[in-house]
Amino acid sequence: MSNNNQKISCTVGSCIYNDKLDGRCTLSEIIVTPTKRCNTQQPDESKCSSYECK
């Protein structure tokens, strides 16, 4: 799937790739991985593994 208009919304202010002004990730793609031993069927089951602390 190729979509040049894709945007990644992000509210994690401590990430170096977060643009606080528009609430977006500045990366063109991210890696999403499962959270180990988590089976809540909620968003906490996954995380952005592209995160880097400022």
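All of the points below concern the structure found in this document. (Residues numbered from 1 in each chain as written. Predicted model: local features only at pLDDT ≥ 70, side-chain atom pairs only at ≥ 80, totals over all residues. Heavy atoms only, no water.)

**A word on the overall build of the chain**
Inference 1: Scanning the chain from terminus to terminus reveals zero helices and four strands.
Inference 2: For the chain, the N- to C-terminal ordering of α and β elements is β-β-β-β.
Inference 3: Across the 54 residues in the chain, those meeting the buried criterion constitute 11%.
Inference 4: Surface exposure of the chain reaches about 4800 Å², of which carbon and sulfur atoms provide 49%.
Inference 5: Charged side chains in the chain number 7 positive and 6 negative. The centres of these two groups are separated by 4 Å. (Helix = DSSP H or I, 4+ residues; strand = E, 2+ residues; numbered from the N terminus. Buried < 20%, exposed > 50% of the residue type's maximum accessible area, 1.4 Å probe, protein only. Areas by Shrake-Rupley, 256 points an atom, 1.4 Å probe, with all protein chains shown as cover. Lys, Arg positive; Asp, Glu negative; His and termini not counted. Charge placed at Lys NZ, Arg CZ, Asp CG, Glu CD.)

**Considerations on the environment of Ser 49**
Inference 1: As for its position among the elements, Ser 49 is in the segment after strand S4 (46-48).
Inference 2: Taking relative accessible area as the criterion, Ser 49 reaches 37% and is therefore assigned partly exposed.
Inference 3: Between the alpha carbons of Ser 49 and Pro 34 there is a distance of 9.3 Å; along the sequence they are 15 residues apart.
Inference 4: Once you skip the residues sitting within four places of it in the chain, Ser 49 turns out to touch Ile 31 and Thr 33. (Contact = heavy atoms within 4.5 Å.)

**A short note on unusual backbone geometry**
Inference 1: With a phi angle near 55°, Arg 37 is a residue other than glycine that sits in the positive phi range.
Inference 2: Residue placement: Arg 37 occurs in the loop between strand S3 (32-34) and S4.
Inference 3: Although it is not a glycine, Gln 41 adopts a positive phi angle of roughly 55°.
Inference 4: You can see Gln 41 is positioned in the loop between S3 and S4.
Inference 5: Classification of Gln 41 by relative accessible area gives exposed; the value is 67%.

**Thoughts on the environment of Glu 29**
Inference 1: Among the secondary structure elements, Glu 29 is positioned in the loop between strand S2 (24-25) and S3.
Inference 2: Glu 29 gets classed as exposed once you look at its relative accessible area, which sits at 61%.
Inference 3: Along the chain, Glu 29 and Lys 7 lie 22 residues apart, while their C-alpha atoms are 8.9 Å from each other.

**Some remarks on the side chain of Ser 50**
Inference 1: You can see Ser 50 is positioned in the segment after S4.
Inference 2: Contacts of Ser 50, omitting those with residues within four sequence positions, involve Tyr 17, Leu 27, Ile 30 and Ile 31.

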